[in-house]
Amino acid sequence: MKLLKKISILSLSILLISNYFIINGYSIKKNNIEIKNFSLKNTDGKYISLTDFKDAKGFIIVFTCNHCPFAKLYPTRFNELNSKYKPLGIPLIAISSTDTIMYEEDTYSKMVSKALNEKFNFPYLFDVEQLVAKNFNAQKTPHAFVIWKENEKWVIKYSGAIDDNGAEPKKVQIHFVGDAVSALLNKKPVEISETKSIGCQIYFRK
Amino acid sequence: MKNINLKTLTSLFSILVLSYTIKAQSYNTLWIPDTLRGTNFNLALKDTFAQIVTTGNQTITGGINGKIWGPTLFFNKGDSVHFNVHNYLNDSTTIHWHGMHLPAVMDGGPHQVIPPGTIWKPYWKVTNNAATYWYHPHLHEMTEKQITSGLGGLIIVRDNVESALALPRKYSVDDIPLVLTDRKFTSLNQFSIAPYGDSMLVNGTLRAQYNVPAQVVRFRILNGAIERSYNIGFSDNRNFSVITSDGGLLNAPVSVNRYILHAGERIEILVSFVGQLGQSYDLKAFNTALTNSIAGGETFTTGPFGSFLNHKDFTMLHVNVVAQTSSPILTIPSTLTTNTLLSAGSAVITRSLTISDSTGVTNPVILGPNAFVLNHKLFNINYINYTVPLNNTEIWQITSSSGFGHPFHIHDVEFNILSVNGVAPTAAQAGWKDVVFIPAKTGPTNSVVKFIAKFDDFADATHPFMFHCHIALHEDEGMMGQFVVTSTNTAIGINEKTKDPKDFFLYPNPANDKLYISFVDPSMVAYYIRITNSVGKTIYMLPRPELSNGLDISSLSSGIYFIQLTDEKTKLTTTKKFIKE
């Protein structure tokens with residue numbers, strides 16, 4: 001009986017959560033996150049903040065890194081997304097938040113060479129204290145967020161994978177990030193507002 | 001909004017239907033792991049990805065020197081094998097050499113944790129008989145996750161006895177490794193961490209098929225699943241010959257048409273395809289024959305233990321018979337070896353263990369009635385269950401009141417089964433084993449399994465060996481215990497306890513390629529050396545390092561390092577600093 005009761009409470013709460021999904025289009029968890037401004041060092045040595053982009057309607061924020069094999073598949077696509085959406089007021093910012101004690105490949109000097117060698121057209125920021133990743137609750141590299149300005153606050157509109165095929169860009173069927181940004185630009189709700197990010201786990205030191 | 005969600009659902013549903021249709025279409029060629037031979041082995045554990053599902057996103061996997069699983073290692077009995085195990089994973093891990101008889105400090109159990117970015121260098125002399133063994137992660141509470149990701153590999157040991165027999169041994173041609181697992185995939189093609197999968201994988205291949213020559217073919221089969229047992233047989237119900245149990249050849253091939261292989265177990269079988277050119281057969285799991293107390297025999301398809309493969313007969317590998325190779329093996333030998341099994345009378349002690357569900361286990365409070373425990377206790381990494389004197393021959397008697405069957409695995413030794421519920425083992429199990437299936441109780445009657453083992457060669461009062469249920473989920477939940485093997489020579493004497501840690505010097509310092517260690521007391525032996533860099537990251541873990549030629553530090557980048565040395569006798573640790581130029 002006890003078990004039955006538990007199950008019914010559980011299914012009720014699932015029902016409630018799914019209702020919430022239907023009404024709001026994104027989960028309570030994401031809704032509760034208050035995106036704080038940050039100031040992180042770019043690979044050109046300058047510090048970058050969200051507030052530097054005065055005309056931005058939104059941002060594509062990607063947590064990524066040097067070492068992760070799945071993250072290595074995406075820089076070309078990051079360049080393409082930034083080329084397409086930065087002129088429309090939605091720049092892409094990449095942030096590396098992985099533990100550099102664990103991964104020497106993710107240290108700042110190696111980020112600088114990667115950004116140069118692979119001709120990144122977007123900022124690649126070093127989240128040395130992992131605070132920004134914690135603020136976003138970023139899980140994996142790569143983990144993309146689309147944030148949008150609403151009532152002078154940044155609200156997460158999409159969280160998850162960039163698209164649905166890492167190694168074979170030509171076989172991508174759903175461009176999660178691109179679709180979310182297009183919808184927002186057209187003042188439409190984001191159809192798929194959350195997917196699971198796929199890649200290497202970001203471990204937090206504390 | 002509701003419409004949109006309906007649309008999403010519909011599109012998801014059509015993706016599902018589509019993938020199902022694709023699934024039904026075609027076979028994939030069985031992937032054969034690469035091989036590594038010799039005495040020096042480099043293994044690099046990596047987070048990577050593989051195209052396992054035919055279409056759509058790649059699956060994030062754990063790979064060893066490759067995209068999933070690891071190379072098959074060939075050892076010759078009598079050789080000393082040396083390893084560089086590089087952990088490039090995001091996580092700490094361990095690599096356990098399942099079935100190998102070796103020092104506990106080299107065993108790769110939960111005590112030999114390899115932090116990320118570290119190189120672990122175990123080595124040992126191979127004393128195991130020719131058979132198929134394997135290696136896999138064994139980090140406590142992470143085993144299910146890391147094995148699910150695909151980390152692991154096979155070990156093939158060769159010896160003079162096996163080499164003298166007319167057996168198939170052309171790897172991937174007539175000697176074919178089959179690693180049986182099953183996995184659940186998420187809608188994004190990722191592995192779910194779940195005890196049972198809905199998709200059968202052989203060597204990481206979905207819907208696998210393989211061409212076999214029209215001759216006698218040897219399959220080396222490992223049950224590498226998280227939980228499921230496979231009731232192995234062929235679609236034409238043919239007989240096949242079992243030639244090994246886990247740890248060596250049987251006395252003679254045993255002809256059967258079914259064999260239930262439980263998690264962690266290995267068998268090698270010979271199958272004759274002579275005169276069957278052009279035919280196709282399926283290697284199947286006839287799991288409708290399993291009761292609901294054997295993993296995979298449960299009937300449910302939903303819930304945490306639900307699976308579409310439960311209590312089903314399903315194909316594991318489709319085989320097509322093709323032309324014979326040159327110098328084919330055409331007959332199955334009538335005898336294999338003469339095993340001298342341990343006699344019950346030689347045992348000096350019988351240890352009684354229990355398996356039960358966790359009801360009543362209150363310290364710590366756990367799990368609920370569906371978890372299982374050994375000796376009414378959850379695993380505690382600081383608690384040594386047994387101290388086994390070196391060279392003891394022991395009977396381990398396991399009494400189970402559990403309603404579920406458990407594959408019980410013990411490290412360090414290969415054992416002989418004495419009896420299962422009072423009955424002597426079948427011929428196919430009457431050899432060297434390191435996993436034994438403990439059946440569920442029958443009605444109110446507990447099941448009792450006895451095996452006998454000799455604990456020789458390796459004594460170490462510090463690092464224990466493990467025993468546990470090889471269902472990774474049960475093991476992670478705490479169905480595990482540990483024992484140390486001690487000899488009077490290595491135990492810390494009362495008078496020695498107060499001794500100071502032994503001193504040593506490093507030279508040259510700063511060093512470039514080689515770092516030498518000089519002991520003040522020349523009789524001192526290094527039990528363990530750990531080299532860390534200036535920010536505390538462990539670079540090398542060196543169990544019982546050979547120091548006469550110095551430590552090779554050529555691959556370290558320049559900077560300050562710390563060397564922690566643990567003395568063999570006192571187990572006290574001293575740390576010194578050195579500079580790499």
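Cut-off values and rules
- Residues numbered from 1 in each chain as written.
- Chains lettered and ligands numbered in written order.
- Predicted model: local features only at pLDDT ≥ 70, side-chain atom pairs only at ≥ 80, totals over all residues.
- Helix = DSSP H or I, 4+ residues; strand = E, 2+ residues; numbered from the N terminus.
- Rg over C-alpha atoms; globule rule 2.2 N^0.38 Å.
- Buried ≥ 20, exposed ≤ 12 C-beta atoms within 10 Å, placed from the backbone.
- Contact = placed C-beta atoms within 7 Å.
- pLDDT = per-residue confidence, 0-100.
- Nonpolar A, V, L, I, M, F, W, Y, C, P; charged D, E, K, R; others polar.
- Pairing = 2+ DSSP bridges.
- Arc of directions from axis to C-beta.
- Core = buried A, V, L, I, M, F, W, Y, C linked by C-beta atoms within 7 Å.
- Axes fitted to C-alpha atoms, helices over the stretch in contact; angles between N-to-C directions.
- Domains from an automatic or database assignment.

Peer 1: Would you explain the overall build of chain B in this entry?
Peer 2: A count of helices and strands for chain B gives 4 helices and 40 strands. The C-alpha radius of gyration of chain B comes to 25 Å, within 12% of the 25 Å expected for a compact globule of 581 residues. Along the longest, intermediate and shortest principal axes, the C-alpha atoms of chain B span 70 × 70 × 60 Å. Residues classed as buried in chain B amount to 46% of the 581 residues present. Considering only contacts within chain B whose residues lie at least 6 apart along the sequence, 75% involve residues at least 24 apart.

Peer 1: Is there a simple way to explain the overall build of chain A in this structure?
Peer 2: Across its full length, chain A carries 6 helices and 9 strands. Long-range contacts, defined as pairs at least 24 residues apart, comprise 71% of the intrachain contacts of chain A with a sequence gap of at least 6.

Peer 1: Any chance you could explain the environment of Leu151 of chain B here in plain terms?
Peer 2: Residues and elements named next belong to chain B. Along the chain, Leu151 turns up in the loop between helix 2 (143-148) and strand 11 (153-158). Between the C-alpha atom of Leu151 and that of Gln564, which follows or precedes it by 413 residues, the distance is 29 Å. Sequence-distant contacts of Leu151, that is, excluding residues within four places in its chain, are made with Leu45, Gly62, Ile64, His136, Pro137 and Gln146.

Peer 1: Whenever I open this one, the confidence of the model for chain B confuses me. Can you help?
Peer 2: Atom-level detail of predicted coordinates should not be read off regions where pLDDT is low. Residues and elements named next belong to chain B. Scored by pLDDT, chain B has a mean of 91; 91% of the residues are at 70 or more. Predicted confidence is poor over residues 1-24, with pLDDT under 50, and the contacts of this stretch with residues over four places away or in other chains come to 11 contacts. Predicted confidence is poor over residues 490-498, with pLDDT under 50, and the contacts of this stretch with residues over four places away or in other chains come to 10 contacts. Overall fold confidence for the complex sits at a pTM of 0.88, while the interface term, ipTM, reaches 0.77.

Peer 1: Before we go on, may I ask you to explain the interface of chain B and chain A in this structure?
Peer 2: A common way to report how large an interface is uses the accessible area buried once the components associate. Between chain B and chain A, the contact holds 20 residues from the first and 23 residues from the second. Elements with a minimum of two residues in the side of chain B that touches chain A: helix 1 (2-25) and strand 3 (40-50) of chain B. Per-element tally for the side of chain B that touches chain A: the top contributor is helix 1 of chain B, with 4 residues. For the side of chain B that touches chain A, the per-class residue count stands at 7 nonpolar, 10 polar and 3 charged.

Peer 1: How should I be thinking about the sheet that holds strand 35 (residues 514-519) of chain B in this particular structure?
Peer 2: Two modes of strand pairing occur in sheets, parallel and antiparallel, and in both the strands are linked by backbone hydrogen bonds. If you trace the 3 strands from one edge of the open sheet to the other, you get 34-35-38 (chain B), paired in antiparallel fashion. Two strands lie at the open edges of the sheet, namely strand 34 (504-507) and strand 38 (551-552) of chain B, each paired on one side alone.

Peer 1: Looking at this structure, I do not really get helix 3 (residues 75-85) of chain A. What am I missing?
Peer 2: Residues spaced three or four apart along an α-helix face the same direction, because each turn holds 3.6 residues. All names here are of chain A. Those residues of helix 3 that sit buried are Pro75, Arg77, Phe78, Leu81, Asn82 and Tyr85. The arc enclosing the buried residues of helix 3, seen along the axis, measures out at 155°, which places them on a common side. In helix 3, the exposed positions angled more than 90 degrees off the buried face are occupied by Thr76 and Ser83. Lining the buried residues of helix 3 we find strand 3 (58-64), strand 4 (92-96) and helix 6 (176-185).

Peer 1: Teacher, can you tell me more about the nonpolar core here?
Peer 2: Across soluble globular proteins, nonpolar side chains show a tendency to be buried alongside one another. Ile155, Val202, Ile221, Ile269 and Phe451 of chain B are the most contacted members of the largest nonpolar core, which has 133 residues in total. Excluding residues within four positions of it along the chain, Phe451 of chain B makes contact with Trp396, Phe415, Asn416, Ile417, Leu418 and Val436 of chain B. Core analysis: the second largest hydrophobic core is formed by 48 residues, Val62, Ala144, Ile162 and Phe176 of chain A among them.

Peer 1: Explanation requested: the pairing of strand 12 (residues 175-183) of chain B in the structure shown.
Peer 2: A regular strand places its side chains on the two faces of the sheet in alternate fashion. Residues and elements named next belong to chain B. Strand 12 sits mainly inside the fold: 8 of its 9 residues count as buried. Relative to strand 16 (residues 216-223), strand 12 runs parallel, the two sharing 6 bridges. Looking at strand 16, one finds that Asp175 is bridged to Arg218. Bridge count between strand 12 and strand 13 (residues 199-202): 4 bridges; the pairing is antiparallel. Paired with Thr181 across the strands is Leu201, a residue of strand 13.

Peer 1: So what exactly am I meant to see when it comes to the confidence of the model for chain A here?
Peer 2: Averaged over chain A, the pLDDT score is 86; the fraction of residues at 70 or greater is 84%. This stretch, residues 1-29 of chain A, has a pLDDT under 50; its non-local contacts, to residues over four places away or in other chains, come to 16 contacts.

Peer 1: So what exactly am I meant to see when it comes to the sheet that holds strand 32 (residues 460-469) of chain B here?
Peer 2: All names here are of chain B. Within the open sheet, the 5 strands sit side by side as 26-33-32-28-30. Their pairing is mixed. Two strands in the sheet have a free side with no partner beyond their single neighbour: strand 26 (386-389) and strand 30 (435-438). Sheet twist, expressed as the average angle between the axes of neighbouring strands with direction ignored, equals 30°.

Peer 1: Can you walk me through the domain arrangement of chain B in this structure?
Peer 2: Here the domain parsing of chain B yields domain 1 (33-164), domain 2 (165-337), domain 3 (344-486) and domain 4 (501-580). The C-alpha centroid of domain 4 of chain B is placed 47 Å from the C-alpha centroid of domain 2 of chain B.

Peer 1: In this structure, what is going on with the environment of Leu341 of chain B? I would like to understand it.
Peer 2: Residue placement: Leu341 of chain B occurs in the loop between strand 23 (313-322) and strand 24 (349-357). Distance in space between the C-alpha atoms of Leu341 of chain B and Asn189 of chain B is 47 Å, their sequence separation being 152 residues.

Peer 1: It is not clear to me how unusual backbone geometry should be interpreted in this structure. Could you clarify?
Peer 2: The phi angle of most residues is negative, glycine excepted, and most peptide bonds adopt the trans form. Residues and elements named next belong to chain B. Cis rather than trans, the peptide bond between Tyr507 and Pro508 has omega equal to -15°. Mapped onto the elements of the fold, Pro508 is located in the loop between strand 34 and strand 35. In this model, Asn509 is joined to Pro510 through a cis peptide bond whose omega is 5°. Among the structural elements, Pro510 can be located in the loop between strand 34 and strand 35. At Asn375, a position not held by glycine, the phi torsion is positive, near 50°. Mapped onto the elements of the fold, Asn375 is located in the loop between strand 25 (372-374) and strand 26. One non-glycine residue with positive phi stands out, namely Arg544, at about 40°. In this fold, Arg544 is placed in the loop between strand 37 (538-543) and strand 38. The exposure class of Arg544 is buried, given the 20 C-beta atoms found within 10 Å.

Peer 1: Mind showing me how you'd approach the pairing of strand 37 of chain B here?
Peer 2: All names here are of chain B. Of all the 6 residues making up strand 37, 5 are buried; the element is thus mostly covered by neighbouring parts of the structure. Sheet topology note: the strand 8 (residues 119-120)/strand 37 ladder contains 2 bridges and is parallel. Within the sheet, the bridge partner assigned to Ile119 lies in strand 37 and is Tyr540. Note: strand 36 (residues 526-533) against strand 37, 5 bridges, orientation antiparallel. Its bridge partner being in strand 37, Ile529 is matched across the sheet by Leu542. Turn length for the strand 36-strand 37 hairpin, with the two strands adjacent in sequence and antiparallel, is 4 residues, and the turn residue Gly536 shows positive phi of about 95°.

Peer 1: Looking at this model, I keep getting lost on the environment of Phe63 of chain A. Mind explaining?
Peer 2: Residues and elements named next belong to chain A. Its location among the elements puts Phe63 in strand 3. Between the C-alpha atoms of Phe63 and Phe145, which are 82 residues apart in sequence, the distance is 8.4 Å. Contact partners of Phe63, with chain neighbours within four places excluded, come to Ile95, Ser97, Ala133, Ala138, Thr141, Pro142, His143 and Ile202.

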